[in-house]
Amino acid sequence: MEKTYFLTVFDQSGETLLNEKITTESDELAKELGRHRLNEKNYMKHSHRLVDNAGKLLLFER
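Residues numbered from 1 in each chain as written. Predicted model: local features only at pLDDT ≥ 70, side-chain atom pairs only at ≥ 80, totals over all residues. Heavy atoms only, no water.

**Student:** Which residues make up the overall build of the protein chain, and what values do they have?
**Tutor:** Counting secondary structure elements, the protein chain contains one helix and four strands. Of the regular secondary structure in the protein chain, the N- to C-terminal order runs β-β-α-β-β. Relative to the 2.2 N^0.38 estimate, which gives 11 Å for 62 residues, the radius of gyration of the protein chain is 11 Å and therefore close to what a compact globule would have. Across its three principal axes, the protein chain shows a C-alpha extent of roughly 35 × 20 × 15 Å. Residues counted as buried form 32% of the 62 residues belonging to the protein chain. (Helix = DSSP H or I, 4+ residues; strand = E, 2+ residues; numbered from the N terminus. Rg over C-alpha atoms; globule rule 2.2 N^0.38 Å. Buried < 20%, exposed > 50% of the residue type's maximum accessible area, 1.4 Å probe, protein only.)

**Student:** So, the side chain of Thr 8: which residues are in play, and what are the values?
**Tutor:** Its location among the elements puts Thr 8 in strand E1 (residues 3–10). A polar contact is formed between the side chain of Thr 8 and the side chain of Asn 19, at a distance of 3.1 Å. Apart from the residues lying within four places of it in its own chain, the contact partners of Thr 8 are Thr 16, Leu 18, Asn 19, Ser 47, His 48 and Arg 49. (Polar contact = N/O pair within 3.5 Å; in protein donor to acceptor, adjacent residues only side chain to side chain. Contact = heavy atoms within 4.5 Å.)

**Student:** Account for the pattern of salt bridges, naming residues and giving values.
**Tutor:** Inspection of every chain in the model, using the stated rule, returns six salt bridges. Across the pair Asp 52 and Lys 3 runs a salt bridge, and its minimum N-O distance is 3.7 Å. Here Lys 3 lies in strand E1 and Asp 52 lies in strand E3 (residues 47–52), a separation of 49 residues in the sequence. Where Lys 31 meets Glu 28, a salt bridge forms, and the shortest distance between an N and an O atom there is 3.2 Å. Highlighted residues: Lys 31 and Glu 28, both in helix H1 (residues 27–40), separated by three residues, approximately one helical turn. Under the relative-accessibility criterion, Lys 31 is labelled buried at 18%. Judged by relative accessible area, which is 53%, Glu 28 ranks as exposed. (Salt bridge = Lys/Arg side-chain N within 4 Å of Asp/Glu carboxyl O.)

Printed below as a string of structure tokens:
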């Protein structure tokens, strides 16, 4: 069964730079896809988070 995750990236002022939905079968695959998207957009050094639809935090960088 697929789950929904949300990847959000912020700049230093708190403005949202990226807010994307990821749909996949597992937390591990969601983390892998989230990291790939962050690398693709050069956002690894920005504040970001990946949460599932229940609010469980999977990735976080401040």
